Amino acid sequence: MGLFDKIKSAFTGADKKEEPKQPEVKEEEKVSEVSEDEKVEKVTEISEQSTAKDTTLEPDNDRRETEQYEKGLKKSRVSFTRRLNELLANFRYEDEEFFEELEDLLIESDVGFEATMHIADTLRYESKVQNVRSMKDAERVIVQTMVDMYGETNPDHHFFNENKDGLTVVLFVGVNGVGKTTTIAKMAHQYIEKGQKVVMAAGDTFRAGAIEQLHVWGDRVGAEVVSTKQGGDPAAVVYDGIETARNSGADILLIDTAGRLQNKKNLMNELEKMKRVISREIPDAPHETLLVLDATTGQNALNQAKIFKETTDVTGIVLTKMDGTAKGGIVLAIGKELGVPVKFVGLGETMNDLHPFDTEKFAYGLFKELIEQTA
Ligand SMILES: Nc1nc2c(ncn2[C@@H]2O[C@H](COP(=O)(O)OP(=O)(O)OP(=O)(O)O)[C@@H](O)[C@H]2O)c(=O)[nH]1
Ligand SMILES: [Mg+2]
């Protein structure tokens, strides 16, 4: 059974629930840019909001997580559903212009070239062999093909490599401002909520304020932060982080890194040096090297991912700011064009807004009304 059928029976059955009322989101609304100086201040603000919210959340609640996906992907869903419905209203099966407009819509939704061609060609074929005649037929083929593609390109459930017998080491890489530090804080918070001990290493010794930012997060979430002075050697911080984590019996060490990409060779050298230090201390580590990508940057994010893939062994992707984009298709492009699994998605700014990537919930969050609409 394809993902489309699975979702249709799982989510749109008898226990169908009402979507909570939310204000309409403007398509062109963007995640606000934050200046370097404002970052620390913002951490405080965000943490306070999150603490207020945390008490109402149960982390393992499946239904709540589905709702969070729905809420976080609302911008993309509202925009795509509206545009597809508008396009479908003019559907005529022998009209090549329709197929071209469909391709434009898909490209603009960031699903990528390969996925776009596959979806449009599937519809062309189904029209030619006379399976598609009406607007409803076209809608079903488009939505089913898209949803099934999510199922095919992204494995059912993400696999996060944890060291069950000792310290798990996770290295976070990615360019400036994509959300590395925030993701570390969110992840730390979630592990601490589960009763685990977390150490964070401030491997970004480059950007002014980065060390302080991690310390503020550490205080908020209750994780020890290991750091050196600005301009210090990140590999030395990593070494200290491992020592501290071991000595304190921590379960997980989260390593922040600087977000430079001006010089590929420097980046490679710096990351390689950190990795050497890590694996000298713990042979299987880092257990995960997570590349953080900002979903709002579309094709750019994909290009960054290609460069990082060439320079270091990326084991998974964290796709942040999905809530801030109307172009949620990027997951499909990543799956199709990179072959690196998306392991986590950031669906908002609070500490509970980081989620293990779940293909079903994700596809449902993106296509809820369209799936329900299909006969
Ligand atoms: N809306 C939204 N904002 C996010 C998300 N993740 C991160 N952000 C915001 O993105 C901004 C940048 O996040 P940082 O964590 O500082 O990014 P970084 O990669 O560490 O940046 P550098 O340290 O400059 O390399 C902050 O304002 C975060 O609140 C998300 O999932 N959704
Ligand atoms: Mg940072």
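Residues numbered from 1 in each chain as written. Chains lettered and ligands numbered in written order. Predicted model: local features only at pLDDT ≥ 70, side-chain atom pairs only at ≥ 80, totals over all residues. Heavy atoms only, no water.

- You'll find the protein chain entered in an unreviewed UniProt entry as Signal recognition particle receptor FtsY, with Alkalibacterium putridalgicola given as the organism.
- Quoted verbatim from the Catalytic activity (unreviewed entry) field of the UniProt record, the comment on the protein chain reads "GTP + H2O = GDP + phosphate + H(+)". (UniProt positions renumbered as here; feature names shortened; annotations may be inferred.)

## A few points about the UniProt feature "domain: SRP54-type proteins GTP-binding" (unreviewed entry) in the protein chain
- Feature annotation in UniProt assigns "domain: SRP54-type proteins GTP-binding" (unreviewed entry) to the following positions: residues 341-354.
- Secondary structure across residues 341-354 divides into 0% helix and 43% strand, with the first and last C-alpha atoms of the span separated by 16 Å. (Helix = DSSP H or I, 4+ residues; strand = E, 2+ residues; numbered from the N terminus.)

## Some remarks on the side chain of Thr181
- Positionally, Thr181 belongs in helix H8 (residues 180-193).
- Residue classification places Thr181 among the buried positions, given a relative accessible area of 9%.
- Once residues within four sequence positions are removed from consideration, Thr181 is found in contact with Gln213, Leu214, Trp217 and Asp256. (Buried < 20%, exposed > 50% of the residue type's maximum accessible area, 1.4 Å probe, protein only. Contact = heavy atoms within 4.5 Å.)

## A word on helix H4 (residues 74-88)
- Spanning 15 residues, H4 covers 21 Å between terminal C-alpha atoms, matching the ideal 21 Å at 1.5 Å per step.
- Among the residues of H4, those classed as buried are Lys74, Lys75, Ser76, Arg77, Ser79, Phe80, Thr81, Leu84, Leu87 and Leu88.
- Where H4 is buried, its residues touch helix H3 (62-72), helix H5 (96-108), helix H7 (135-153) and helix H14 (359-373). (Expected span 1.5 Å × (residues − 1).)

## Brief notes about the site of ligand 1
- Near ligand 1, the surroundings consist of 24 residues, among which Lys180, Thr181, Thr182, Asp323 and Glu349 are the closest.
- When isolated, ligand 1 has an accessible area of 660 Å², and the protein chains bury 95% of it.
- A per-element tally of the shell around ligand 1 places H8 first, with 4 residues.
- Of the residues that constitute the shell around ligand 1, the class distribution is 5 nonpolar, 10 polar and 9 charged. (Near = heavy atom within 4 Å. Areas by Shrake-Rupley, 256 points an atom, 1.4 Å probe, with all protein chains shown as cover. Nonpolar A, V, L, I, M, F, W, Y, C, P; charged D, E, K, R; others polar.)

## Concerning the pairing of strand S7 (residues 342-346)
- By the criterion of burial, S7 is predominantly enclosed, with 5 of the 5 residues buried.
- Relative to S7, strand S6 (residues 316-320) is paired through 3 bridges, and the arrangement is parallel. Residue Ile317 lies in a different strand from S7, and its bridge partner there is Val342.
- Read from S6 through helix H13 (residues 330-337) to S7, the crossover connection turns out right-handed. (Pairing = 2+ DSSP bridges. Right-handed = clockwise from strand over helix to strand, strands pointing away.)

## Observations concerning the nonpolar core
- The biggest cluster of nonpolar side chains holds 106 residues, and the ones touching the most others in it are Leu123, Met200, Leu319 and Phe362.
- Sorting elements by how many residues they give to this core places H7 first, with 8 residues.
- Residues within four places of Met200 in sequence aside, it is in contact with Ile184, Ala188, Leu214, Trp217, Gly218, Val221, Ala223, Glu224, Val225, Val226, Leu253 and Leu254. (Core = buried A, V, L, I, M, F, W, Y, C linked by side-chain atoms within 4.5 Å.)

## A short note on the sheet that holds strand S1 (residues 168-173)
- Reading across from one edge, S3-S2-S4-S1-S5-S6-S7-S8 is the order of the 8 strands in this open sheet, with mixed pairing throughout. If you trace the sheet from one side to the other, it starts and ends with strand S3 (224-226) and strand S8 (354-356), each paired once. On average, adjacent strands in this sheet sit at an angle of 25° to one another, irrespective of strand direction.
- Note: strand S2 (residues 198-203) against S3, 3 bridges, orientation parallel. In the strand pairing of S3, Met200 is matched with Val225.
- Its contacts with the sheet place H8 against S1, S2, strand S4 (252-257), strand S5 (288-294), S6, S7 and S8, and it is angled at close to 170° to S4.
- Set on the sheet, helix H9 (residues 210-221) makes contact with S2, S3 and S4; between it and S2 the angle comes to about 170°. (Axes fitted to C-alpha atoms, helices over the stretch in contact; angles between N-to-C directions.)

## Concerning the side chain of Asp358
- Structurally, the position occupied by Asp358 is in the loop between S8 and H14.
- Engagement of the side chain of Asp358 in a polar contact is seen with the backbone nitrogen of Lys361, the distance being 3.0 Å. (Polar contact = N/O pair within 3.5 Å; in protein donor to acceptor, adjacent residues only side chain to side chain.)

## A look at unusual backbone geometry
- The omega torsion across Ala285 and Pro286 is 0°, close enough to zero to call that bond cis.
- The residue Pro286 is located in the loop between helix H11 (264-281) and S5 in this model.
- The phi torsion at Gln130 lies on the positive side, around 70°, for a residue other than glycine.
- Assignment of secondary structure puts Gln130 in the loop between helix H6 (113-128) and H7.
- The residue Lys321 is not glycine, and still its phi comes out positive at about 60°.
- Turning to its location among the elements, Lys321 is positioned in the loop between S6 and H13.

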